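Descriptive analysis of the structure
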Amino acid sequence: MMFYSSLIVPLFNKQTPLEAWELRSAIGDFWDKVWFKLDNIYVIDGSKRSSKANAYFSGFGPKKRIVLFDTLIKDLSTQELVAVLAHEIGHYKKRHTLQMLALGTIQTWVILFIFSLALAVPVVSQALGWEIQSFHLGAVAFWILFTPISMIFGMISSIFSRKNEYEADAYAKENYSGEHLSEALIKLSRNNLSNLRPHPAYEFFYYSHPTVLKRLEALK
Ligand SMILES: [Zn+2]
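What counts and what doesn't
- Residues numbered from 1 in each chain as written.
- Predicted model: local features only at pLDDT ≥ 70, side-chain atom pairs only at ≥ 80, totals over all residues.
- Heavy atoms only, no water.
- Donors = N, O, S within 2.8 Å, 3.2 Å for Na, K, Ca; no water.
- Tetrahedral: all angles 85-135°; square planar, octahedral: opposite > 155°, others 65-115°.
- Helix = DSSP H or I, 4+ residues; strand = E, 2+ residues; numbered from the N terminus.
- Buried < 20%, exposed > 50% of the residue type's maximum accessible area, 1.4 Å probe, protein only.
- Pairing = 2+ DSSP bridges.
- Axes fitted to C-alpha atoms, helices over the stretch in contact; angles between N-to-C directions.
- Contact = heavy atoms within 4.5 Å.
- Domains from an automatic or database assignment.
- Buried area = accessible area lost by both parts, 1.4 Å probe.
- Salt bridge = Lys/Arg side-chain N within 4 Å of Asp/Glu carboxyl O.
- 1 Å grid on protein atoms, 1.4 Å probe; cavity = no way out; pocket = protein on both sides within 12 Å on 5 of 7 lines; lining within 4 Å.
- Points joined across faces, edges and corners; volume = space filled by probe spheres on them.
- Nonpolar A, V, L, I, M, F, W, Y, C, P; charged D, E, K, R; others polar.
- Parallel < 35°, antiparallel > 145°, perpendicular 65-115°, else oblique.
- Core = buried A, V, L, I, M, F, W, Y, C linked by side-chain atoms within 4.5 Å.

**Notes on the coordination of the zinc ion**
Only H87 (NE2), H91 (NE2), E165 (OE) and E165 (OE) from the protein coordinate the zinc ion, and they sit 2.0 to 2.6 Å from it. Its 4 donor atoms give the zinc ion angles of 53 to 136 degrees at the centre, a pattern that matches the irregular case. The sequence pattern formed by the donor residues of the zinc ion is H-x3-H-x73-E. Residue H91 is found in helix 4 (residues 78-93), and its partner E165 is found in helix 7 (residues 135-175); the two are separated by 74 residues along the sequence. Accessibility assignment for this pair places H91 and E165 in one class, buried.

**Quick notes on the sheet that holds strand 1 (residues 15-17)**
Either a parallel or an antiparallel arrangement is found when strands of a sheet pair, and the pairing is made through backbone hydrogen bonds. The strand order across the open sheet built from 4 strands is 1-2-4-3, with neighbouring strands paired in mixed fashion. Since the sheet does not close on itself, it has two edges, and those belong to strand 1 and strand 3 (55-58), each with one partner. Averaged over all pairs of adjacent strands, the angle between their axes in this sheet comes to 30 degrees, without regard to strand direction. Bridging between strand 2 (residues 40-44) and strand 4 (residues 65-69) involves 5 bridges; their strand directions are parallel. In the sheet register, I41 faces strand 4, and the bridge partner there is I66. Helix-sheet contacts for helix 1 (residues 4-12) involve strand 1, strand 2, strand 3 and strand 4, and the interaxial angle to strand 3 is about 135 degrees.

**Let's talk about the domain arrangement of the protein**
With domains assigned, the protein is organised as domain 1 (4-93) and domain 2 (96-219). At the interface, 24 residues of domain 1 touch 22 residues of domain 2. In total, about 2000 Å² of surface goes out of reach between domain 1 and domain 2, with carbon and sulfur atoms giving 61% of it. Here E80 ties to K187 by a salt bridge, and the two come within 2.9 Å at their closest N and O atoms.

**What to know about the layout of surface pockets**
The gaps left among the atoms become clear once a water-sized probe is rolled over them. Quantified by volume, the largest pocket comes out at close to 1300 Å³. N54, A55, E165, S208 and H209 are the residues nearest the centre of the largest pocket, which is lined by 44 residues in total. Looking at the lining of the largest pocket, the elements that each hand over two or more residues are strand 3, helix 4, helix 5 (96-120), helix 7, helix 8 (178-191) and helix 10 (212-219). For the lining of the largest pocket, the per-class residue count stands at 17 nonpolar, 20 polar and 7 charged.

**As for the packing of helix 8 against helix 10**
Helix 10 packs onto helix 8 with a crossing angle of 175 degrees between their chain directions and a minimal axis gap of 10 Å. On the basis of the axis angle, helix 8 is roughly antiparallel to helix 10. Between helix 8, through G178, L181, S182, L185, I186 and S189, and helix 10, the contact on the second element is made entirely by V212, R215, L216 and L219.

**Here we look at the nonpolar core**
Core analysis: the largest hydrophobic core is formed by 23 residues, its most contacted members being I66, L68 and L72. Those elements giving two or more residues to this core turn out to be strand 2, strand 3, strand 4, helix 4 and helix 8. In this structure, this core is formed jointly by two domains, domain 1 (4-93) and domain 2 (96-219), each of which donates at least three residues. Core analysis: the second largest hydrophobic core is formed by 8 residues, A86, A172, L181 and L219 among them.

**A short note on unusual backbone geometry**
Even without being glycine, R95 reaches a positive phi, approximately 60 degrees. You can see R95 is positioned in the loop between helix 4 and helix 5. Phi is positive for L193, close to 50 degrees, though the residue is something other than glycine. Mapped onto the elements, L193 comes out in the loop between helix 8 and helix 9 (200-206). Judged by relative accessible area, L193 falls into the exposed class, the value being 75%.

See below:
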């Protein structure tokens, strides 16, 4: 996670630091409060593959960075951009990065535990038509069993993630501006062609972010 942005992302995209003077003038006091804690703010050439706009926070400690898609910069006004930055910084301030890392670690442990069970229990191999316990069948069975389990994990992390989105929105409203964030969200959902009213069950299982309508409601 610490080196994702510096080692893996460059394989697929180009990241360039956002010009310092731009930051200074746009973010002003808000930026000064958090500036020293960040590696930098980067712009990524997301337009290479998609018209979708996004921003995210990655890394830990001194390697923390905010990454903005070039499409985001093109579409949003300066104030809307700062509001989106405030949202991303909110994720950090509310310790969401650490929280999601902890959740991911727990998930890995559970997955490895189930994997060890699938390998050790003879009934798993028998279910696939073999009489004795076999390492190879255990591994195959694990991948079959893993599909519904990963759906449950996906659901759990979506629930956490949606809660975190509301918190980061609230942070941006408290520390910068709810109106500008709302405007940014409207623009983003229009450009990303996001579904405003997905089926509630589908939303519950798969949506890592609350729908824009719900976020706008909460911001009000
Ligand atoms: Zn967010």
